[in-house]
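Now for the letters of each chain:
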Amino acid sequence: MNTPAVPIDRAALPALFAPRADDSHKGSFGTVGVVGGGPGMTGAALLAARAALKTGAGKVLVGFVQETLPLPCDPIQPELMLRDFRSLLEEDWGVTAWVAGCGIGTGALAANALSELFVLRRHAPLVLDADGLNLLARGEIRPTWGAGPVVLTPHPAEAARLLGVGTDTIQRDRAGAARQLAQRFQAWVVLKGAGSVVCAPDGGLHVNTTGNPGLATAGTGDVLAGMLGALIAQKLPLDQAVLGAVWLHGAAADALVAEGIGPIGLTAGELADAARALRNKG
């Protein structure tokens, strides 16, 4: 018999708020590699990368899935290292967590980039989001991701495509849909939406209680993907990294609304600063 979903409890996330050692250095907190940002969608990869940096990753690299590098430097966050996806994948940058799919597109270049990533990720954990999930649903990439944890982050329409059903079917039984996806792909699943459902590969379920309608805006999913990559790269216990990112994402939106920033007009780019503040408050 399936057990009910357990609410994500802030008190059960001690690693999210643990203080850092005085002798820490950037290598102590992992390296996130973001693969995405196809033509016309450069911003999606940058949102994920900026969120990863402000959620505490030591280093963040972005591999744009375009034939030419769209910009030499992020003018907002120059700490990010921007590359074309081939140099990011083919050189060993010491990536400890990958985030893929944000704005990547659904063309042949995107499919090839993801297929190459699955082979070359060197057992580092993988967060697969957005069009990466759509390519998976269409059979243009295969779930041959080998060893190492995988986190899938579909919204209801993406989950419906992955399971070959209608979105209304997903919404009628969100817990069941998350379980099906976790079992089918042997992955962690974050089924986004009001009361995001998190399912572990073994079927364990959690439901998020943070967040508000301010998150119903473009780019918030990219930010969540970057947060997931950052916490995983920092070597938090995997369950605390996944549950912690989902909780923190919603809590950041709640903190902004409490300050009068939203829910109407809240933007995805504002979430990372709020999440950073929450982690540092402890």
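Residues numbered from 1 in each chain as written. Predicted model: local features only at pLDDT ≥ 70, side-chain atom pairs only at ≥ 80, totals over all residues. Heavy atoms only, no water.

A. Summary view of the pairing of strand β3 (residues 59–64). Where burial is concerned, most of β3 is hidden: five out of the six residues are buried. Relative to β3, strand β2 (residues 31–36) is paired through six bridges, and the arrangement is parallel. Among the inter-strand pairings, Val 34 is bridged to a residue of β3, identified as Val 62. In terms of handedness, the path from β2 via helix α1 (residues 42–54) over to β3 forms a crossover that is right-handed. Direction of pairing for β3 relative to strand β4 (residues 81–84): parallel, over a ladder of four bridges. Bridging across to β4, Phe 64 finds its partner in Asp 84. (Buried < 20%, exposed > 50% of the residue type's maximum accessible area, 1.4 Å probe, protein only. Helix = DSSP H or I, 4+ residues; strand = E, 2+ residues; numbered from the N terminus. Pairing = 2+ DSSP bridges. Right-handed = clockwise from strand over helix to strand, strands pointing away.)

B. Quick look at the packing of helix α9 (residues 238–258) against helix α10 (residues 271–281). Packing of α9 against α10 brings their axes to within 8 Å, and their N-to-C directions diverge by 100°. Taken together, α9 and α10 sit at an angle that is classed as roughly perpendicular. Contacts from Leu 248, His 249, Ala 251, Ala 252, Ala 253 and Leu 256 in α9 reach Leu 271, Ala 274, Ala 275, Leu 278 and Arg 279 in α10. In terms of residue class, the contact of α9 with α10 is built from nine nonpolar, one polar and one charged. (Axes fitted to C-alpha atoms, helices over the stretch in contact; angles between N-to-C directions. Parallel < 35°, antiparallel > 145°, perpendicular 65-115°, else oblique. Contact = heavy atoms within 4.5 Å. Nonpolar A, V, L, I, M, F, W, Y, C, P; charged D, E, K, R; others polar.)

C. Inspection of the packing of α1 against helix α8 (residues 220–233) at higher detail. At a minimum axis distance of 7 Å, the contact between α1 and α8 shows a crossing angle of 40°. In this view, α1 runs oblique relative to α8, as classed from their interaxial angle. The two elements α1 and α8 cross, and the hand of that crossing is right-handed. Contacts between α1 and α8 involve Ala 44, Leu 47, Ala 48, Ala 51 and Ala 52 on the former and, on the latter, Asp 222, Val 223, Gly 226, Met 227 and Ala 230. Here the contact of α1 with α8 is composed, by residue class, of eight nonpolar, one polar and one charged. (Left-handed = near helix turned anticlockwise from the far one by under 90°.)

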